Amino acid sequence: MDVQQLAEYRYRTVREVLGGSPIGEVAARYGTSRQTLHTWRRRFVLEGMPGLLDRSRRPRNSPARLSAEVEAEICELRRRHPMHLWQVDLVGGVPLADGRECKMVTGVDDAPEPELSIEVVEPPALPPQGTAVEFKVRVPPSGEITLVTGRQRVGIHQALAGRTLTVWANHRSVHFLLDGHPVTTVPSRLRPEDLAYLTMRYGARPAGPEPAPAALPRARSGTAILAAGEPVEVDRKVHRDGIVHLASGRYQVGFALASGTITLRLDGHLMHAIADDALTGTWPCPVPADRLGQIEGPRTATSPLPPPPLPAGAFRAQRKVHASGRFMINGQSIKLGPRHAGKLVTVVIEDTHYQSLHGEDELAVRPRKNREPITRLYVKGMGTQQGPSRTS
């Protein structure tokens, strides 16, 4: 519609609202929004019919606009140096025998006598196999970071949009870090020429040691390659109902972990849940060993399985088992048997019993004979101290 028809259309909507009709009903009937109708009404009350005409969308001010003095200086420079290049572009390249591609930089002088110049720029040399590079990227609103178009694209949680991440990349793994802490690790699809491209595009520099466990190598089919019996770890978000999604299945890990992120360690026989560096649960592994390489986001497990969290009010002490197969704790003799003689065991002291552990193996659980509160205890028993005994 033309300008006059548009003003009449808006005038009818405003008159109905001013006449007492509900603004939401009028907005729905005329196919507009309540906010727009409020704007029309306000402008009509203040300015009459001229207020219903379209207005320029040009911003009232432009913070990035150059000052008049700077604009005048640029015009003067172009007048005094008419043959300098003022328009530069990077266009398609020339393939080289070693797989690299030279880029052509073109420059155009828009002076009264236009002049074109072309310069061929040789790309950086291909890095050796295994070389790692490091650079920074900003997370876009979509969370999708494209390192190399058509080859490496990574999704980051949208909560990190606008944040700057450090990227550590080589031919096997790509790590994303925020303030030095790993955010995610994905298998690398980058070739040596891609690492050279990242050096040119992002100013990537040679990287230091790998900041997190390496991603698992993958076959051409995309399946991760695992050594026999090698455990893997994956990070998963726990939903509000205590469920995690793994390999197209849904598994209950506990309501206490809801809305958090846990690490699942799978070894083909057992699945362990790790949260806050503590073992929170163990179940039969729901993923067969021959399918571990097909789950999303696997990585090698490089650290030992952490111990379970201490119960409320519990604490630990160390004792060395005597040749008789016994040790003393809080004035009570605990018998484990001669086969455990010489072992350094960890005793978890709870309100009603003692739990004896050797590494992650539970050796015995014995009831406490003395249930009174413990006010003094050798954390390390005789024969286990590296220095003076500690008390608590």
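Residues numbered from 1 in each chain as written. Predicted model: local features only at pLDDT ≥ 70, side-chain atom pairs only at ≥ 80, totals over all residues. Heavy atoms only, no water.

- If you check an unreviewed UniProt entry, the chain appears there as Leucine zipper domain-containing protein from Streptomyces anthocyanicus.

## Structural notes on the nonpolar core
Link 1 in the chain: Counting residues in each nonpolar core, the largest one holds 21 residues, and the members touching the most others are F135, L147, I156, V167, V174 and F176.
Link 2 in the chain: Taken together, the elements giving at least two residues each to this core come down to β4 (133-138), β5 (144-148), β7 (164-169), β8 (173-178) and α5 (192-202).
Link 3 in the chain: Apart from residues lying up to four places away in sequence, F176 is in contact with I145, L147, V154, I156, L165, T166, V167, H181, P182, V183 and T184. (Core = buried A, V, L, I, M, F, W, Y, C linked by side-chain atoms within 4.5 Å. Buried < 20%, exposed > 50% of the residue type's maximum accessible area, 1.4 Å probe, protein only. Helix = DSSP H or I, 4+ residues; strand = E, 2+ residues; numbered from the N terminus. Contact = heavy atoms within 4.5 Å.)

## Thoughts on the packing of aromatic side chains
Aromatic rings considered in pairs are described by the distance between their centres and by the relative angle of their planes.
Link 1 in the chain: Applying the stated criterion across every chain yields a total of three aromatic pairs.
Link 2 in the chain: Put simply, the rings of Y9, Y30 and W40 pair up and form one aromatic cluster. (Phe/Tyr/Trp six-rings, centres within 6.5 Å; stacked < 30°, edge-to-face > 60°.)

## Some points on α5
Link 1 in the chain: Inspection of α5 places D194, L195, A196 and L198 among the buried residues, and these make up the whole buried set.
Link 2 in the chain: Packing partners of the buried residues in α5 comprise β4, β5 and β7.
Link 3 in the chain: G203 lies just past α5 and shows a positive phi near 70 degrees.

## Details of the pairing of strand β13 (residues 249-252)
Link 1 in the chain: When strand β12 (residues 243-246) meets β13, the two strands line up antiparallel, connected through four bridges. When the sheet's bridge partners are listed, L246 is paired in β13 with G249.
Link 2 in the chain: In this structure, the hairpin formed by β12 and β13 is closed by a connection of two residues, where A247 is found at a positive phi of approximately 50 degrees. (Pairing = 2+ DSSP bridges.)

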